[in-house]
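Chains, contacts and geometry: an overview
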Amino acid sequence: DDDDDDDDTLYPCNICGEDMDIGIPDGIVELPGQPDISCEDLQELGDMGAISPSQCARLPSLVNSACGCNPPCSVCGKDLTVDNPDAIIEFPGQPAISCEDLQTNGYLGKITEGICDRLPLVIDDVCGCDPTPEPTRPPTRNPTPPPTPEPTPAPAGIPCNIC
């Protein structure tokens, strides 16, 4: 029966999704009903075609945080870094985290792009995301011009023949 041959085709699976890479290979994925597995080992199964296309389609949302599949995120915004790494920030429904650990999570790809885009506005006051301005030099005073001499009075008593 040749109709079943298509079911045996192996399809490689990128567990992070198309064009995405694992940022944390030793991260542990916990899938319901399955033993815990490292991101690297799960990707190897995907590379061998051992993950069905339907399971593969669901994996990116399940492994994203554990495997660091998002692009790196600077939580303060492009080219900015956290100025107060030891400050603690809290988000509703999440455990408190230091600004330094939040930045590390961003660099590892644990923060989705949509959240990363909004973070600078949320964390700036606590984490200190404003760029440090260059020190401003005090203004230089204009030089004081020499005093203007008083006009010399015309000589008294001498007749003027050009006046």
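Since the model is a prediction, treat every value here as computed from it, not as a measurement. (Residues numbered from 1 in each chain as written. Predicted model: local features only at pLDDT ≥ 70, side-chain atom pairs only at ≥ 80, totals over all residues. Heavy atoms only, no water.)

Before going further, it helps to spend a moment on the state of the cysteines. Throughout the structure, instances matching the rule amount to six disulfides. Linked covalently through their sulfurs, cysteine 73 and cysteine 116 form a disulfide whose S-S length is 1.9 Å. Because the torsion about its S-S bond is 95°, the bridge between cysteine 73 and cysteine 116 counts as right-handed. Of this pair, cysteine 73 sits in the loop between helix H2 (53-67) and strand S3 (88-89) while cysteine 116 sits in helix H4 (residues 113-128), and the two are 43 residues apart along the sequence. (Disulfide = S-S within 2.5 Å. Helix = DSSP H or I, 4+ residues; strand = E, 2+ residues; numbered from the N terminus.)

The terminal C-alpha atoms of H2 lie 19 Å apart, and with 15 residues this matches the ideal 21 Å at 1.5 Å per residue to within 8%. For H2, the secondary structure elements touched by its buried residues are strand S1 (28-29) and helix H1 (39-48). Count one or two residues on from H2 and you reach glycine 68, which has phi positive near 60°. (Expected span 1.5 Å × (residues − 1). Contact = heavy atoms within 4.5 Å.)

Mapped onto the secondary structure, glutamine 103 falls in helix H3 (residues 99-107). Given a relative accessible area of 7%, glutamine 103 falls into the buried group. The contact partners of glutamine 103, leaving out residues within four places of it in the chain, are Cys73, Ser74, Val75, Cys76, Leu80, Thr81 and Val82. (Buried < 20%, exposed > 50% of the residue type's maximum accessible area, 1.4 Å probe, protein only.)

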